[in-house]
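Summary of structural features
Here's the letter readout for the chains.
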Amino acid sequence: MASFITRAERSGNIFSRVTGLIRAGQLNWADRPLWYDVYISSPPLSPPDWNVKLPKFDEPIRPIFYEEDVLRAKFYKTYRSTAGIQVDSSRTSVSQQFINEYKLVKSENASATPEELFELTTKRLNENGIMLK
């Protein structure tokens, strides 16, 4: 097969490589991929190019942090892993309960700082029987 051409060399798109394999006899016409006929019948309007420069090419990627992400990171930094997370469980994790309670405390105390809200949430969860270490 065409083992001397790799994707890292950007020798062509997958359609041109499969076409080359069919023409060279390395791939039988009957063994062509399913998408090959679709691509021939309706090709893209602009040819695919790996080296295309998008409008925001030179701009750095902006970090996207949601308030919930920052809060969860602070929770795990402070309390480590207080309980295992079960993916298939219908119960909410301790960190999610903390975030839900934090939102409630924040709605009640709009003028409090994030540190005060964090402490108030910790106290409220301890009062409700969820022990944070």
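If you check an unreviewed UniProt entry, the protein appears there as Small ribosomal subunit protein mS23 from Caenorhabditis nigoni. Check the Sequence similarities (unreviewed entry) section of the UniProt entry for the protein; it says "Belongs to the mitochondrion-specific ribosomal protein mS23 family." In its Subcellular location (unreviewed entry) section, the UniProt entry covering the protein states "Mitochondrion".

1. As for the overall build of the protein
Scanning the protein for helices and strands turns up five helices and zero strands. Starting at the N terminus, the α and β elements of the protein follow one another as α-α-α-α-α. Here the protein, with 133 residues, has 17% of them falling under the buried criterion. Taking the contacts inside the protein whose residues are at least 6 apart along the sequence as the reference set, 42% of them involve residues at least 24 apart. As presented, the protein carries roughly 10900 Å² of accessible surface, and 57% of it is formed by carbon and sulfur atoms.

2. Some thoughts on the nonpolar core
In terms of nonpolar packing, the biggest core is built from 13 residues, with Leu 71, Phe 75, Tyr 79, Phe 98, Leu 117, Phe 118 and Leu 132 touching the most fellow members. Among the elements of the structure, helix H3 (67-79), helix H4 (94-108) and helix H5 (114-127) are those that each provide at least two residues to this core. Each residue touching Leu 117, except ones within four places of it in the same chain, is listed here: Tyr 102, Val 105, Lys 106, Asn 109 and Ala 112.

3. Description of the packing of helix H1 (residues 14-24) against helix H2 (residues 34-41)
Two elements in contact, H1 and H2, have axes whose closest approach is 11 Å; the angle formed by their N-to-C orientations is 110 degrees. Regarding the angle of H1 to H2, the classification is roughly perpendicular. Every residue of H2 that contacts H1 at Ile 14, Phe 15, Val 18, Thr 19 and Ile 22 is listed here: Trp 35, Tyr 36, Tyr 39 and Ile 40. Taken together, the residues of the contact of H1 with H2 break down into eight nonpolar, one polar and no charged.

4. Focus: the packing of H3 against H5
At their nearest, the axes of H3 and H5 sit 12 Å apart, and the two run at 60 degrees to each other. Comparing their axes, H5 and H3 come out oblique. At the point where H3 passes H5, the crossing takes the right-handed sense. For the pair formed by H3 and H5, the contact residues are Leu 71, Lys 74, Phe 75, Thr 78 and Tyr 79 on the first element and Glu 115, Phe 118 and Thr 122 on the second. Considering only residue class, the contact of H3 with H5 consists of four nonpolar, two polar and two charged.

Thresholds, definitions, all that
- Residues numbered from 1 in each chain as written.
- Predicted model: local features only at pLDDT ≥ 70, side-chain atom pairs only at ≥ 80, totals over all residues.
- Heavy atoms only, no water.
- UniProt positions renumbered as here; feature names shortened; annotations may be inferred.
- Helix = DSSP H or I, 4+ residues; strand = E, 2+ residues; numbered from the N terminus.
- Buried < 20%, exposed > 50% of the residue type's maximum accessible area, 1.4 Å probe, protein only.
- Contact = heavy atoms within 4.5 Å.
- Areas by Shrake-Rupley, 256 points an atom, 1.4 Å probe, with all protein chains shown as cover.
- Core = buried A, V, L, I, M, F, W, Y, C linked by side-chain atoms within 4.5 Å.
- Axes fitted to C-alpha atoms, helices over the stretch in contact; angles between N-to-C directions.
- Parallel < 35°, antiparallel > 145°, perpendicular 65-115°, else oblique.
- Nonpolar A, V, L, I, M, F, W, Y, C, P; charged D, E, K, R; others polar.
- Left-handed = near helix turned anticlockwise from the far one by under 90°.

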